[in-house]
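This is what each chain is made of:
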Amino acid sequence: MFLKDLLNNTNLTDNECIKIIKNSNFYGFPDKKIGPYFNAFFSNPEWKCVRKPGKLYVIFQGDAYYFGKYVRFKITFDVNKTIKTKTIQPISYYAGDEKILYTDFLNLINTIFIRTQ
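Residues numbered from 1 in each chain as written. Predicted model: local features only at pLDDT ≥ 70, side-chain atom pairs only at ≥ 80, totals over all residues. Heavy atoms only, no water.

J.: Requested: an account of the overall build of the chain, with residues and values cited.
T.: A count of helices and strands for the chain gives five helices and five strands. Reading the helices (α) and strands (β) of the chain from amino to carboxyl end gives α-α-α-β-β-β-α-β-β-α. Here the chain holds 117 residues, and 44% of them are scored as buried. Taking as baseline every contact in the chain between residues at least 6 positions apart, the subset at least 24 positions apart corresponds to 43%. (Helix = DSSP H or I, 4+ residues; strand = E, 2+ residues; numbered from the N terminus. Buried < 20%, exposed > 50% of the residue type's maximum accessible area, 1.4 Å probe, protein only. Contact = heavy atoms within 4.5 Å.)

J.: If you had to explain the pairing of strand 3 (residues 69-78) to someone new, which residues and values would you point to?
T.: The two faces of the sheet receive side chains in turn, since in a regular strand these alternate between them. Alignment of strand 2 (residues 55-66) against strand 3, held across 10 bridges, turns out to be antiparallel. Among the inter-strand pairings, Y57 is bridged to a residue of strand 3, identified as D78. Counted along the chain from strand 2 to the antiparallel partner strand 3, the turn is two residues long, and its residue F67 has a positive phi close to 50°. (Pairing = 2+ DSSP bridges.)

Next comes the structure, spelled out in structure tokens:
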């Protein structure tokens, strides 16, 4: 597959899009792929690819405790930006129906990658 095809997402299957995100990492954890860590930390993990004109996203959903209650998390990743920058690009993060603060998201990521080893 050519880089141009990757950047344009013309030949990517849903599974390839999900694999790009699962095999990516966060800036603070360069040696840790997010797929295995998310799948180990969250209960009922689900990954799906969503296509919109000119846009390609992977939505992760999983259950975990957040501020004392068990909630369903939803984290959306931008596949196009991840391919271009080589680092994971989450664009939204929710706990239940509420968008969580960026600082709370960072705390969640630290918990996932430090506790789940």
